[in-house]
Structure formats: structure tokens, C-alpha cells
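As a plain string of letters, each chain reads:
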Amino acid sequence: MTGSRENLAKTKVVFSIGISILILIPLVSIIGIYSLSTPASAQTSNGWLQPTNLSNDNYNASYPWVANVGSNVYVAWTEEDHGIYFRASTNNGSSWNPQINLPALKLSAPGGTASYPIVYALNSDVYVVWSQSVNNELQIFFAGSTNNGSSFAAPIQLTAGNSENGWITPVIAAAGPYVYVAYTGSGKNSFVVSSDNYGVSWNPAYHYAITHEPQLAALGSNGYVVSDGLQYAVTHNGGHSWTEVLSSTDEGDEPWIAASGSDVYLVSQTKTNNSTIHFIVCTNYGMNCSPSLPGRDLAQSVGLNDTWEPQIIAAGNDVYLTYHTLSSPIQNYLRYSTNNGATWSPLIDLSGATRLVGWAPQLATTGCGGGYSCTGGSYVFTAWTVRDAVTSSGWSMFAAESTDYGQTWTSKPGVNVSGTGYGSSGPNDIATSSLAANGDHAFLVWEDNYTSAGSGIGQVIFSESNPSFTTVSSSTFSASSGYTTFTKSTTSSKSSISTTQATQSTTISLPPPTTNSSSGILPSVSQPDYVYFVAIPIVALIVAAAGLFVIIRRKPHTV
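A brief report on the enclosed structure follows. (Residues numbered from 1 in each chain as written. Predicted model: local features only at pLDDT ≥ 70, side-chain atom pairs only at ≥ 80, totals over all residues. Heavy atoms only, no water.)

So, about the overall build of the protein chain. Per the secondary structure count, the protein chain includes 4 helices and 37 strands. Relative to its 559 residues, the protein chain shows a buried fraction of 53%. Considering only contacts in the protein chain between residues 6 or more positions apart, those separated by 24 or more positions represent 53%. (Helix = DSSP H or I, 4+ residues; strand = E, 2+ residues; numbered from the N terminus. Buried < 20%, exposed > 50% of the residue type's maximum accessible area, 1.4 Å probe, protein only. Contact = heavy atoms within 4.5 Å.)

Okay, here's the thing in C-alpha cells:
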């Protein structure tokens, strides 16, 4: 009997273990499924997701750029002599392709040092431009995707030959089949090239300025390009011919450009101790510019001196402008117009002066595609860096939003979106961060040199706002004769806005994108996760059932 009891007890133990396995394995599988299907970034109390490390490797990653079309989000960055890298998301940045635990998609050809990628997205087309050394000479490269960034054609070299200081600082804009790339070369001269077939082939370069720092905007078959000076040129036929509209060389630096409908907006700074921000509207599809150079003052007229780095976007009749003061304490400000720049809001202080503040990246609203001409909406975003403490050398990313077309904004000093363990690279380069938007979602990327326990290896960090911020009341205004008449309101809202743009679309059938395995340019399409979600539980159940069957067949011995 003793043996029988011992065998029975052993059988019960084994049976209990089998039942536990039967219960626990599917449970573990379900937990695994949940962890796989749930975004890695958890929502925080400030309305932004916990940041994600997109570069996620051992090389120094810097100068990220983000663009989007709806919930499709695209990010590119440079790892210098390791190349230009790229990730895409189809769900507002909740998951990425390639997956974060895999190397990012490399766009650049082997060899050379690559820098300053810019991304532009339109419909299912994604374009990236950058500068890369070839035989120790910096050249401009372009890569295009026709399938939402899943794969790219082999990169195209847009420049050739020697250039003083190399061919550098490319920018890009597109509308329909028309793609434009502007860049600097031959010292501080500016050039623009264009394509009328989605970047498959390119027209010869047009030399439009003897100054540098080019910027671009595009709508329909119209392209607009500006450089320091202001030197400004227009095309109405997709880049086959250009007209120089403004040709001054000493009426403003650091220009930015936006377009909406038939209007083009130019802003610049004077770059002196009393630097101010100048604004010009060019109507009739960019041909008739007013007021004359240097343009209308939008900074000293509201009591600010030493203002720099203007940034502008336009959507429908709305125009949004940010700039910052250079003298300490640096602060970021915003003004907006609801009538194509005819009149402007009072000055809105975005950041306050509680700590040292860095420069803001570009503004963002719906439909910008990585540029400055947008479809628009009630949500508008901007962001900047803030020093962690008075005596600290660390910096964090802060953001602000408006939910009512720029009338009210997040309370100063904004919302810290850096999360746990991520900072920012510093205050004085707008190229170290980038911003895009889709309705009430904002997409922010930045360069962080303080990750990896202070290793100093730069990483590219992404975060997404998942509504919503708390906004505060500020002055609203209505246009009248003269400059502007203002009325104070705490409950007013914008009743209507035109968000239509003059666009032209032409359909051209293109071959599928090519791949170049030697340069690391490969399509990266992951197997659907549901395959694993179904397979794991089924396998677990089969294993558990088999174990239980063995236990049941085993009977206790009797004496």
C-alpha cells in the first residue's frame, strides 16, 4: 500500500503540474501577444507618449527630419560616415518599419560622409535628399519611394564636379509629379533642380542666387525658391523655366518661405544687434510682392529687439510665424494672421523666461508633408529646448500646441516631452529637431546626446502627442481699417477658415522601385504579426494537451 500511495501522490503532483502548464502556457502566450501588439511607448500624464529611440544603435545619430501624410510618419537622420537611415510608421508612430529592434533602412550608398537629410512626403510618395562626400567632394543625393517608404529606388546623384565648400544644404518640396531640390554650391551660390516625373529624371540646374541658405515651397505646377538677400525666383511650369522676382543681396538673412493658394509668404531677419523680423506677401502665384524690401517689421513694432530665426507655415488664409530673441533670457514668440498676412495678432510668449530656452524648430499643422505649405486645421504645434536647471548642462525638449488656430496656447513654459532618460542635444541649432502633425497628433524628433547613461553617443528620439494639452487664454483680434483692432476674449473660437489649396495632380505610371543590395537599399516589409499571435497559442495548447494525455494514461500501480 505504501508504494501505491507514493505512486498516487506522484501522479497527483505530475497531474497538477500538467494542469498548471495547460493554464499557464496559453496565459503567457496571451501576455506575449499583448506585449507585441501594444505600442512600446506608454502614454504619460502630459499628453505625449514616452519617447522612442529610433536610431537605436552604437553610432552617433544626428540631424533628424520628420514628415507625414496623415497617420503615415517618416523619419530620416544621418550617422555620418555610416550613412543616411530611415524608418516609417503607418499608425502615427505606434510601431515602425523596420521594427525598432532591427537596424533602420539605409538609404545612402556605401562610402563617404552623409549629412543633413530632409524628408518630404506627398500621397504615397516619400522623398529624401542629403549631402554626401564622393571622392572627398560633397554632392547632393536624392532617393524616392512610391510605396509609403517601404522601399526606395537607388539614390540619384544630382550634382557633379568640384565646388568651393562642396554642394551642401539641400532642401526639397513637391506637388503632384513636380519635385524641386535647391542647394548651395560654388561658394555661397544657390541652385535649384526640378523633376516633372516624381524624381525619376531631372532638369538641368538653374542658378538663381549668389547667396546661400535656400528654402523651397511648391503648389501645383508652381515652385518658389528663396535665399539670403532676399533673392527669390518662381516657376509656373514645374521648373522648366524660372523668373527672378527679387534679387537683393542685403535685405535679410535666414529666409523661410510658405505658400497657400496663389499667395507666397517670405520672412527673414536683418542679422544685426537690432535684428528684426521682416515679412513680405507675394500674390498672383508669387509674382507681385509687397511691401517692398526689406518688408514689414513684425518684431520691433511689438516691442522686441534682437529677434532671430523666423519660421513660417501657411494653410488656407492662415499664416503662423515664430521667432526668438537672442539676448538672454532667450524666449520664443509667435504671431498669427487669419487674413493672408494683412493683419497680425498680438505677440504671444510661448516659452516664458523661467530657464534658458533654445531655438524652436519649424511650426507644424496638418498636411505640411515636411514642408511649410499645409492643408491646415485647428491644431498648431511648435517645440524648443529648455535647460534642465540653471546650473545644468543638460537640455530637454518642450512643446506647445494651440487647438483653436493659434489663438490660445499651452501654458508657459510648455510641456516637457523628453520623458524618462532622454534629453536634447542643446539650444542653438534648429537642425537638431523636427516637427510634423496630423490633426490633433504632433510628431517630434530630436537629437539626444545624453542617452546611454551619458555615453555621449547621439541618438534620434521620437515622441507623439496623444491629445491633449491645456491651453490658456490670450488676445484674439479682428481685422479693421488701418493696422489692427484687437478685442479681448476668453471664449472666442474661429468659426470658419478656408483650407483649400490650388493644386494640380497628374498621374504617371512608374515601374516598381528598384533595390540595390550592395548599397543596403532593400525593401523592409515585416511578416504580419497576427501569424505569430495565432501560432503561439496553438503550439502552446498542443504541447499542454500532449502532456496532459501522458499524465492521464499513466495509472498508479497496486500491490
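One covalent bond between the sulfur atoms of two cysteine residues makes up a disulfide. Summed over all chains, the structure comprises 2 disulfides. Across the disulfide, C282 is cross-linked to C289 (sulfur-sulfur distance 2.0 Å). Linking C282 and C289, the disulfide has an S-S dihedral of approximately 105° and is accordingly described as right-handed. Assessed through its relative accessible area of 25%, C289 is described here as partly exposed. Two residues share a disulfide in this structure: C368 and C374, whose sulfurs sit 1.9 Å from each other. Because the torsion about its S-S bond is 100°, the bridge between C368 and C374 counts as right-handed. (Disulfide = S-S within 2.5 Å.)

In terms of burial, strand 6 (residues 114–122) is a largely internal element, 7 of the 9 residues being buried. Across 7 bridges, strand 6 lies against strand 7 (residues 125–134) in antiparallel orientation. Counterpart to A121 in the pairing with strand 7 is V126. (Pairing = 2+ DSSP bridges.)

With antiparallel pairing, 4 strands are arranged side by side in an open sheet as 1-34-33-32. Where the open sheet ends on each side, the last strands, each with one partner, are strand 1 (52–53) and strand 32 (433–438). Where strand 1 meets strand 34 (residues 459–464), 2 bridges bridge the pair, whose relative direction is antiparallel. The residue bridging T52 from the neighbouring strand is F462, located in strand 34.

Below, the discussion takes up the sheet that holds strand 10 (residues 168–175). One open sheet accounts for 4 strands, arranged 10-11-12-13; its pairing is antiparallel. This sheet does not close on itself; its edge strands, each paired only once, are strand 10 and strand 13 (206–209). When strand polarity is set aside, the average angle formed by the axes of neighbouring strands in this sheet is 25°. As paired elements, strand 12 (residues 189–195) and strand 13 share 3 bridges and run antiparallel to each other. Looking at strand 13, one finds that V192 is bridged to Y206. (Axes fitted to C-alpha atoms, helices over the stretch in contact; angles between N-to-C directions.)

With respect to burial, strand 24 (residues 318–325) is a largely interior element, 8 of its 8 residues being buried. Burial along strand 24 is two-sided: the residues D318, Y320, T322 and H324 and V319, L321, Y323 and T325 are all buried. Bridge count between strand 23 (residues 307–315) and strand 24: 7 bridges; the pairing is antiparallel. Bridge assignment links T307 to a residue of strand 24, and that residue is T325. The loop that links strand 23 with its antiparallel partner strand 24 comprises 2 residues; one of these, G316, has a positive phi angle of about 60°.

In this section: the nonpolar core. Core analysis: the biggest nonpolar cluster contains 89 residues, and F86, I172 and V181 have the highest contact counts within it. The biggest single contributor to this core is strand 11 (residues 178–185), with 6 residues. V181 has contacts with V129, I140, L158, P170, V171, I172, F191, V192, V193, W202 and L216, leaving out every residue within four places of it along the chain. (Core = buried A, V, L, I, M, F, W, Y, C linked by side-chain atoms within 4.5 Å.)

What follows covers the packing of aromatic side chains. One pass over the full model with this rule turns up 18 aromatic pairs. Ring centres of Y183 and F191 lie 6.0 Å apart, and the angle between their planes is 20°; on these two criteria the pair is classed as stacked. Here Y183 and F191 have matching classes, each one buried. (Phe/Tyr/Trp six-rings, centres within 6.5 Å; stacked < 30°, edge-to-face > 60°.)

The linkage connecting L293 with the following residue, P294, adopts the cis geometry, with an omega of 10°. In this fold, P294 is placed in the loop between strand 21 (288–290) and strand 22 (296–297). A cis amide bond, omega 5°, links K412 with the succeeding residue P413. Along the chain, P413 turns up in the loop between strand 30 (409–410) and strand 31 (415–416). Located in the positive-phi region is Y63, a residue other than glycine, with phi close to 50°. If you trace the backbone, Y63 turns up in strand 2 (residues 62–69). For Y63, a relative accessible area of 22% corresponds to the partly exposed category. One non-glycine residue, N136, lies in the positive phi region at around 70°. Structurally, the position occupied by N136 is in the loop between strand 7 and strand 8 (137–145).

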